[in-house]
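# Remarks on the overall topology
These are the residues of each chain, in order.
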There are 2 protein chains.
Amino acid sequence: MSEGVEWAVHCCLNLAWADAGRGVPAARLAALYQLPAAYLNKQLQALVRDGILMSTSGPRGGFRLGRRPADITLLDIVTAIEGADEAFRCTEIRRRTPWPHTQGDFRDPCLIHQAMGRADLAWRRELAAQTLAEVKATVERSAPGLPGRTREWLAATPH
Amino acid sequence: MSEGVEWAVHCCLNLAWADAGRGVPAARLAALYQLPAAYLNKQLQALVRDGILMSTSGPRGGFRLGRRPADITLLDIVTAIEGADEAFRCTEIRRRTPWPHTQGDFRDPCLIHQAMGRADLAWRRELAAQTLAEVKATVERSAPGLPGRTREWLAATPH
């Protein structure tokens with residue numbers, strides 16, 4: 001998984017704390033963690049494409065959440081950044097055996113692929129069960145000063 | 001996940017079908033699926049390091065299963081090939097914020113990392129719950145002729 005996933009989840013969380021009345025430019029989000037702004041902007045655009053963020057231009061423009069934190073799951077964010085492909089790559093090597101194939105050999109989908117797919121499904125299910133709202137609530141219980149400090153810092157520099 | 005995982009699971013399954021009395025050379029396993037032998041050999045060596053396979057030299061040498069199929073899980077195979085790292089990479093970017101940190105901010109481990117870790121655990125649990133013996137039994141039910149054809153083909157060329 002690319003480091004973009006870590007960035008994306010943190011950015012979504014920070015945007016959930018930001019002033020609703022204005023967007024936050026990519027450069028400001030990048031500065032918060034000393035990340036390369038252009039590369040972060042790519043990840044943010046991917047989140048916009050999937051409706052997780054929205055982006056507006058103009059003097060108070062920038063990125064905001066595209067929907068409520070309760071309607072954004074960790075799976076949504078991971079899928080926006082990494083795509084929806086399974087981690088396991090099945091290239092159907094089973095079909096390359098040198099003997100003549102009988103129909104029975106491939107009646108079922110590759111059962112190794114299916115077994116790996118069950119694990120992938122368990123992973124997705126767990127990510128889909130966790131919303132940004134829940135992560136936010138947990139972080140706020142753990143570090144009560146963090147949302148306020150983040151909100152102030154994001155708003156401090158005029159843009 | 002690298003294509004090596006697909007190769008490794010198929011090779012373990014084929015070795016579970018092979019004659020117990022002789023090893024199968026990497027070149028023979030590679031020829032079965034038209035895979036690059038040197039690269040496949042690397043994956044097989046990784047399986048040997050984790051005790052999933054054993055390798056013997058000599059006229060009847062080659063690779064065999066290192067333990068019973070019931071004692072080899074899909075997680076064992078994936079870990080041997082891909083390592084034990086979590087898919088999600090946490091670089092603790094949360095510590096890079098420009099304001100002075102209070103102790104409370106980092107009292108808990110990163111909660112985003114923990115949330116992603118729960119999904120990783122669900123994935124591992126599912127892989128650990130599936131043994132090579134179970135995959136083998138399912139494949140044998142689906143393609144009853146396959147074990148015999150594989151065994152014969154692996155043994156056919158003298159080595």
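Our structure's up above, just so we're on the same page.
All of the points below concern the structure found in this document. (Residues numbered from 1 in each chain as written. Chains lettered and ligands numbered in written order. Predicted model: local features only at pLDDT ≥ 70, side-chain atom pairs only at ≥ 80, totals over all residues. Heavy atoms only, no water.)

### A word on the relation of the copies chain B and chain A
- You can overlay chain B on chain A at an RMSD of 0.0 Å; the transform is a turn of 180° with a shift of 0.0 Å along its axis. Given the turn and translation reported, the copies of this chain are related as if by a two-fold rotation axis. Across chain B, the smallest distance between a C-alpha and the rotation axis is recorded for B:Trp123, namely 2.4 Å.
- Both copies share a contact surface, since 100% of the interface residues of chain B are interface residues in chain A too. (Least-squares fit on C-alpha atoms with pLDDT ≥ 70 in both. Contact = heavy atoms within 4.5 Å.)

### Some thoughts on the packing of aromatic side chains
- Inspection of the entire model under this criterion finds two aromatic pairs over all chains.
- Both rings, one in A:Trp7 and one in A:Tyr39, keep their centres 5.2 Å apart while their planes meet at 75°; by these two values the pair is edge-to-face. Linking A:Trp7 in helix H1 (residues 3–17) with A:Tyr39 in helix H3 (residues 37–49), this pair joins segments that are 32 residues apart in sequence.
- Residue A:Tyr39 is classed as partly exposed on the basis of its relative accessible area of 34%.
- One residue, A:Arg28, lies across the ring of A:Trp153, its end atom 3.5 Å from the ring centre.
- One Lys or Arg, B:Arg95, reaches over the ring of B:Phe106 and ends 4.4 Å from the middle of that ring. (Phe/Tyr/Trp six-rings, centres within 6.5 Å; stacked < 30°, edge-to-face > 60°. Helix = DSSP H or I, 4+ residues; strand = E, 2+ residues; numbered from the N terminus. Buried < 20%, exposed > 50% of the residue type's maximum accessible area, 1.4 Å probe, protein only. Lys NZ or Arg CZ within 6 Å of the ring centre and 35° of its normal.)

### Considering the nonpolar core
- Ranked by internal contacts, the top residues of the largest apolar core, which has 102 residues, are A:Leu44, A:Leu47, A:Leu53, B:Leu44, B:Leu47 and B:Leu53.
- Residues within four places of B:Leu53 in sequence aside, it is in contact with B:Cys12, B:Leu15, B:Leu44, B:Leu47, B:Val48, B:Phe63, B:Arg64, B:Leu65 and B:Gly66. (Core = buried A, V, L, I, M, F, W, Y, C linked by side-chain atoms within 4.5 Å.)

### Here we look at the interface of chain B and chain A
- Contact with chain B, which involves 55 residues of that partner, is made by 55 residues of chain A.
- Across the chain B/chain A interface, buried area totals approximately 4900 Å², and carbon plus sulfur atoms make up 66% of it.
- By the criterion of area lost to chain A, the three top residues of chain B are B:Glu6, B:Ile93 and B:Trp99, representing 14% of everything that side buries.
- Seen at the junction of chain B and chain A, the total is zero salt bridges.
- Of all the secondary structure elements, the ones that give two or more residues to the side of chain B that touches chain A are helix H1 (3–17), helix H2 (26–33), helix H4 (74–82), helix H5 (111–128), helix H6 (132–142) and helix H7 (146–156) of chain B.
- With eleven residues, H5(B) is the single largest residue contributor to the side of chain B that touches chain A.
- Of the residues in the side of chain B that touches chain A, the class split is 30 nonpolar, eleven polar and 14 charged. (Buried area = accessible area lost by both parts, 1.4 Å probe. Salt bridge = Lys/Arg side-chain N within 4 Å of Asp/Glu carboxyl O. Nonpolar A, V, L, I, M, F, W, Y, C, P; charged D, E, K, R; others polar.)

### Considerations on the pairing of strand E2 (residues 62–65) of chain A
All names here are of chain A.
- Taken together, the four bridges between strand E1 (residues 53–56) and E2 define a ladder with antiparallel strand orientation. If you follow Ser 55 over to E2, its bridge partner there is Phe 63.
- Between the end of E1 and the start of E2, which pair antiparallel, lie five residues, with Gly 58 showing a positive phi angle near 105°. (Pairing = 2+ DSSP bridges.)

### Observations regarding H1(A)
- For H1(A), which comprises 15 residues, the first-to-last C-alpha distance of 22 Å matches the rise-based estimate of 21 Å (1.5 Å per residue) to within 8%.
- In terms of burial, H1(A) is a largely internal element, 14 of the 15 residues being buried. (Expected span 1.5 Å × (residues − 1).)

### Digging into the environment of B:Leu47
- For B:Leu47, the position within the fold is in helix H3 (residues 37–49).
- With residues up to four places along the chain from it excluded, the contact list for B:Leu47 reads B:Ala8, B:Cys12, B:Ile52, B:Leu53, B:Ile77, B:Ala80 and B:Ile81.

### Quick look at the state of the cysteines
- On inspection of all chains with the given rule, the structure shows zero disulfides over all chains.
- The thiol of A:Cys11 is not disulfide-bonded; the next cysteine sulfur, from A:Cys12, is found 7.2 Å away.
- A:Cys11 gets classed as buried once you look at its relative accessible area, which sits at 0%.
- B:Cys110 supplies the cysteine sulfur nearest to B:Cys90, a cysteine that is in no disulfide, at a spacing of 4.6 Å.
- The exposure class assigned to B:Cys90 is partly exposed, which follows from its relative accessible area of 21%. (Disulfide = S-S within 2.5 Å.)

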